[in-house]
Amino acid sequence: MVRQQVLYLWAAGSAIDSPTIGWAFHDGTDGAADGLPDGDPPYATGLDALRDGWFLLQSAQLVPSVPGQEHTNSYLQYEFVFERRAEI
């Protein structure tokens, strides 16, 4: 049976080789397949995830800042979504 694993990486910029600043992992295998370590981000960049066999599903959308709000803190906007399928 094949199950999906999903990895979200939030980057410091819009390029896939920008440094990772946040991440989340969702495991559809319920731990029956290889997971990811807790703590530090599992990949320094999204490009590293691609090199390790993850498939890119969605890349960061480039949304212009509202004039005057360029330096306001908000959500992490440079989100990359990856998936891999695992046999269990």
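These numbers come from a predicted model, not from an experiment.

S.K.: Give a detailed account of the sheet that holds strand β1 (residues 2-11), specifying residues and quantitative values.
M.R.: Spatially, the 4 strands line up as an open sheet ordered β2-β1-β4-β3, and their pairing is antiparallel. Single-partner strands in this sheet number two, and they are β2 (20-27) and β3 (55-58). Strand-to-strand twist in this sheet, taken as the mean axis angle between neighbours without regard to direction, amounts to 30°.

S.K.: Could you give me a rundown of the environment of Gln5, with the residues and numbers involved?
M.R.: Assignment of secondary structure puts Gln5 in strand β1. A C-alpha to C-alpha distance of 10 Å links Gln5 and Phe55, two positions 50 residues apart in sequence. Setting aside its immediate chain neighbours within four residues, Gln5 contacts Phe25, His26, Asp27, Gly28, Thr29, Ala33, Asp34, Trp54, Phe82, Glu83, Arg84 and Ala86. Looking at Gln5, its side chain comes within polar contact range of the side chain of Asp27, at 3.1 Å.

S.K.: Could you give an account of the packing of aromatic side chains, with specific residues and numbers?
M.R.: This structure, assessed with the given rule, holds 2 aromatic pairs. Between the aromatic rings of Tyr8 and Trp10, the centroid separation amounts to 5.9 Å while the plane-to-plane angle is 10°, which identifies the pairing as stacked. Between Phe25 and Trp54, the ring centres sit 6.3 Å apart and the planes meet at 85°, which makes this aromatic pair edge-to-face. Residue Phe25 is located in strand β2, and its partner Trp54 is located in the loop between α1 (46-51) and β3; the two are separated by 29 residues in the primary sequence. Classification of Trp54 by relative accessible area gives buried; the value is 2%.

S.K.: Requested: an account of unusual backbone geometry, with residues and values cited.
M.R.: The backbone of Asp30 shows a phi angle near 55°, a positive value even though the residue is not glycine. With respect to the element layout, Asp30 can be found in the loop between β2 and α1.

S.K.: Quick rundown of the confidence of the model for the protein? Include the residues and the values.
M.R.: The predicted model of the protein has a mean per-residue pLDDT of 90, with 98% of residues at 70 or higher. Within the protein, no element has a lower average pLDDT than strand β4 (residues 79-87), which sits at 94, and none a higher one than α1, at 97.

S.K.: Break down the pairing of β1 for me, citing the residues and quoting the values.
M.R.: Bridging between β1 and β4 involves 9 bridges; their strand directions are antiparallel. Within the sheet, the bridge partner assigned to Trp10 lies in β4 and is Glu79. By the bridge criterion, 7 bridges tie β1 to β2 in an arrangement that is antiparallel. For Gln5, the partnering residue across the bridge sits in β2 and is Asp27.

Conventions adopted
Residues numbered from 1 in each chain as written. Predicted model: local features only at pLDDT ≥ 70, side-chain atom pairs only at ≥ 80, totals over all residues. Heavy atoms only, no water. Pairing = 2+ DSSP bridges. Helix = DSSP H or I, 4+ residues; strand = E, 2+ residues; numbered from the N terminus. Axes fitted to C-alpha atoms, helices over the stretch in contact; angles between N-to-C directions. Contact = heavy atoms within 4.5 Å. Polar contact = N/O pair within 3.5 Å; in protein donor to acceptor, adjacent residues only side chain to side chain. Phe/Tyr/Trp six-rings, centres within 6.5 Å; stacked < 30°, edge-to-face > 60°. Buried < 20%, exposed > 50% of the residue type's maximum accessible area, 1.4 Å probe, protein only. pLDDT = per-residue confidence, 0-100.

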